[in-house]
Amino acid sequence: MAPRNCALCKVSRAILKRPKTGQQICKECFFHVFETEVHNTITEANLFKLGDRVAIGASGGKDSTVLAYVMKTLNERYSYGLNLFLLSIDEGITGYRDDSLETVKRNQEQYKMPLKILSYDELYGWTMDAIVAQIGTKNNCTFCGVFRRQALDRGAVMLEVDHIVTGHNADDIAETVLMNIMRGDIARLGRCTSICTQGEDTIKRSKPFKYAYEKEIVMYAYFKKLDYFSTECIYSPEAYRGHARVFLKDLEAARPSTIIDIIHSGEAFEVKEEVKAVQKAQQTCRRCGYMSSNDLCKACTLLEGLERGAAAIAVTDKARRKLVTMEGGTIDTMRTIPYFQLPSHKAGVNSSGLASSSS
Amino acid sequence: MSQSTLSIKVEFGGGLELLFSNQRSHKVSLPSHVPTAPPDANTTSEQGKKESGRPADITYLMYWMRDNLLKEREELFIENGTVRPGILVLVNDTDWELEGEGEYVLQDGDEIVFISTLHGG
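The model shown is predicted, which means the values in this text are computed figures rather than measured ones.

Attention now moves to the overall build of chain B. Check the secondary structure of chain B and you find 2 helices and 7 strands. Considering only contacts within chain B whose residues lie at least 6 apart along the sequence, 59% involve residues at least 24 apart. As displayed, chain B has an accessible area near 5500 Å², and 46% of this comes from carbon and sulfur atoms.

Right, here's the structure in full:
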């Protein structure tokens, strides 16, 4: 087939068909529009202010690697004046996370950003390998998700940052919209498309890649020859999300704008006040001080279950209530999580509820 | 009848190499035209739809790779006669969507890259 010229510069040969627009563009124009769109997302949502300390949640995977590179590029190009850090969580999964952390360590050198690695072992006294050895591979993603969320916040406090950015992309968000619809989780459906989530007692989190297609992120990494790690977690990945993902990819193959259309649908939903009210009021965990909708936060409950050697019963709410009513306090020898305290200047920020997306 | 062959460089990324002996780069030689007798019975039904004897295209390369390189889980590579959704393909560093996708006719020395986007971020 005859080579076509770029739809934007009309000069260079097109190398990519944009899934969002169908435009055929050249490499240089692709870099430019990809970066500029992320910049527009950032400025339209007023994500940062001059001097902010921002941690990039870095797994060594494609999304966070591209995010680190683009954040560094935009910070320099547009003088955001941000202090950027890499924050990685080591779940303690041999053959998976230990390899991907090597990638993050190389990124630290390549991008000249300070790196903080916080491990589950250090924070909870349990690696995922040890958790899986005890509970098997059925509910392990629940543990990992709850522990990671809290570990990121705690790592951010250690780095004294104002803000965590994560590599969640448009495909991830569309997937979460679909999952929330399919699970009937309307309260989360109302919140899952927000670019920025901030609870009273948590550090601000946002998703600069909210409108960036996975295809473009991977193409960007390929053409920029970025160093990233791609292996599936060795413990069974979240099955339901997997189905949503395959379904979404099939839809995208038939109509590429599907992903952005689903996000727009998610944004347009208006959740009734009475549905929102179902959400429990936030309090702080009596044991570790982390924000929680119960007396004990999920991480403390799960950890207590592990420590009691009865993790399986700690997963359901019913079992949680039973555990709390039956056993008032902690066992003397039980490991607990260090007390969580935000830096004082964080007090009094607006509440907009818990974040809901995870990947 | 002597069949000329094409020399093609195949690269994998994004975890797809795990299906192909965990080797990222392969140099392969394949017939420049789809053979009249398919290599095995499995290929007959899928390739039967397209006439044999046509110049080798990417679709043929994919089936050739399935029969000669793929080590496990075919369904993670090929689905409904094309790559599984979520796999990106580049022809000499150009998105295959600009090159006719599976119908792109291979040229000697082409470099074809397959990248999975389905692995964690």
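Additional details are given in the paragraphs that follow.
The next point concerns the overall build of chain A. Looking only at helices and strands, chain A has 14 helices and 10 strands in total. When each of the 359 residues of chain A is scored for burial, the buried share is 51%. Summarising the internal contacts of chain A: among those between residues at least 6 apart in sequence, 73% fall at separations of at least 24. Of the roughly 16000 Å² that chain A leaves accessible, carbon and sulfur atoms contribute 53%.

Let us now look at the pattern of salt bridges. Applying the stated criterion to the full structure yields 35 salt bridges over all chains. Ionic pairing is found between Glu17(B) and Arg24(B), a salt bridge with its closest N-O pair at 3.6 Å. Taking the relative accessible area as the measure of exposure, Glu17(B) reaches 6% and is therefore buried. For Arg66(B), the salt bridge goes to Asp67(B), with nearest N and O atoms at 3.2 Å. What you see here is one network of salt bridges that share partners, running through Lys62(A), Asp63(A), Asp171(A), Asp172(A), Glu175(A), Glu214(A), Arg241(A), Arg245(A), Lys249(A) and Glu252(A).

So, on to the pairing of strand β1 (residues 5-13) of chain B. Residues and elements named next belong to chain B. As paired elements, β1 and strand β2 (residues 25-31) share 7 bridges and run antiparallel to each other. Within β2, the residue paired with Val10 across the bridge is His26. Sheet topology note: the β1/strand β7 (residues 111-116) ladder contains 5 bridges and is parallel. Counted as the bridge partner of Gly13 is Ile115 from β7.

One key point about sheets: their strands pair by backbone hydrogen bonds, in either a parallel or an antiparallel sense. All names here are of chain A. With mixed pairing, 6 strands are arranged side by side in an open sheet as β5-β4-β3-β6-β8-β7. What marks the edges here is a single partner per strand, and that holds for β5 (115-119) and β7 (196-197). Most of the contacts of helix α3 (residues 97-111) go to strand β4 (residues 83-90), to which it runs at about 165 degrees, and overall it touches β4 and β5.

The next point concerns the interface of chain A and chain B. If you look at the interface, chain A gives 28 residues, while chain B gives 25 residues. Across the chain A/chain B interface, buried area totals approximately 2300 Å², and carbon plus sulfur atoms make up 54% of it. The interface formed by chain A and chain B contains 2 salt bridges. Lys215(A) is paired through a salt bridge with Glu97(B); the nearest N and O atoms lie 2.8 Å apart. Where chain A meets chain B, there are 8 residue pairs in polar contact (both at pLDDT 80 or more). At the level of secondary structure, the elements contributing two or more residues to the side of chain A that touches chain B comprise β1 (16-17), α2 (62-77), α9 (214-223) and α10 (239-254) of chain A. It is α9(A) that contributes the most residues to the side of chain A that touches chain B, 6 residues altogether. For the side of chain A that touches chain B, a count of residues per class yields 11 nonpolar, 6 polar and 11 charged.

Once that is clear, we can look at the side chain of Arg54(B). One can find Arg54(B) in the loop between α1 (41-48) and α2 (58-68). In terms of polar contacts, Arg54(B) uses its side chain to reach the side chain of Asp57(B), at 3.1 Å.

It is worth spelling out the nonpolar core at this point. Phe30(A), Phe34(A), Ile56(A), Val66(A) and Phe209(A) are the most contacted members of the largest nonpolar core, which has 47 residues in total. Residue assignment for this core shows that the elements contributing at least two residues are α1 (27-44), β3 (53-57), α2, β4, α3 and α9 of chain A together with β5 (87-91) and β7 of chain B. Among the elements that line this core, the one with the most residues is α1(A), at 7 residues. Ignoring anything within four residues of it in the chain, the contact list for Phe34(A) reads Val66(A), Val70(A), Phe209(A), Ala212(A), Glu216(A), Ile217(A) and Tyr220(A). In this structure, Tyr96(A), Tyr120(A), Cys285(A) and Leu302(A) belong to the second largest nonpolar core, which totals 41 residues.

Residues with a pLDDT of 70 or more make up 84% of chain A, whose mean pLDDT is 85. Contacts for the low-pLDDT stretch residues 347-359 of chain A, under 50 throughout, to residues beyond four places or in other chains number 32 contacts.

Moving on: the packing of helix α7 (residues 170-183) of chain A against α10(A). Residues and elements named next belong to chain A. Contact pair α7 / α10: the axes reach a minimum separation of 9 Å and the direction vectors enclose 115 degrees. Like other packed secondary-structure pairs, α7 and α10 cross with a definite hand, here right-handed. Contacts between α7 and α10 involve Asp171, Asp172, Ala174, Glu175, Thr176, Leu178, Met179, Met182 and Arg183 on the former and, on the latter, Tyr240, Arg241, Ala244, Arg245, Phe247, Leu248, Lys249 and Glu252. Among the residues forming the contact of α7 with α10, the class breakdown is 8 nonpolar, 1 polar and 8 charged.

Reading guide: rules and limits
- Residues numbered from 1 in each chain as written.
- Chains lettered and ligands numbered in written order.
- Predicted model: local features only at pLDDT ≥ 70, side-chain atom pairs only at ≥ 80, totals over all residues.
- Heavy atoms only, no water.
- Helix = DSSP H or I, 4+ residues; strand = E, 2+ residues; numbered from the N terminus.
- Contact = heavy atoms within 4.5 Å.
- Areas by Shrake-Rupley, 256 points an atom, 1.4 Å probe, with all protein chains shown as cover.
- Buried < 20%, exposed > 50% of the residue type's maximum accessible area, 1.4 Å probe, protein only.
- Salt bridge = Lys/Arg side-chain N within 4 Å of Asp/Glu carboxyl O.
- Pairing = 2+ DSSP bridges.
- Axes fitted to C-alpha atoms, helices over the stretch in contact; angles between N-to-C directions.
- Buried area = accessible area lost by both parts, 1.4 Å probe.
- Polar contact = N/O pair within 3.5 Å; in protein donor to acceptor, adjacent residues only side chain to side chain.
- Nonpolar A, V, L, I, M, F, W, Y, C, P; charged D, E, K, R; others polar.
- Core = buried A, V, L, I, M, F, W, Y, C linked by side-chain atoms within 4.5 Å.
- pLDDT = per-residue confidence, 0-100.
- Left-handed = near helix turned anticlockwise from the far one by under 90°.

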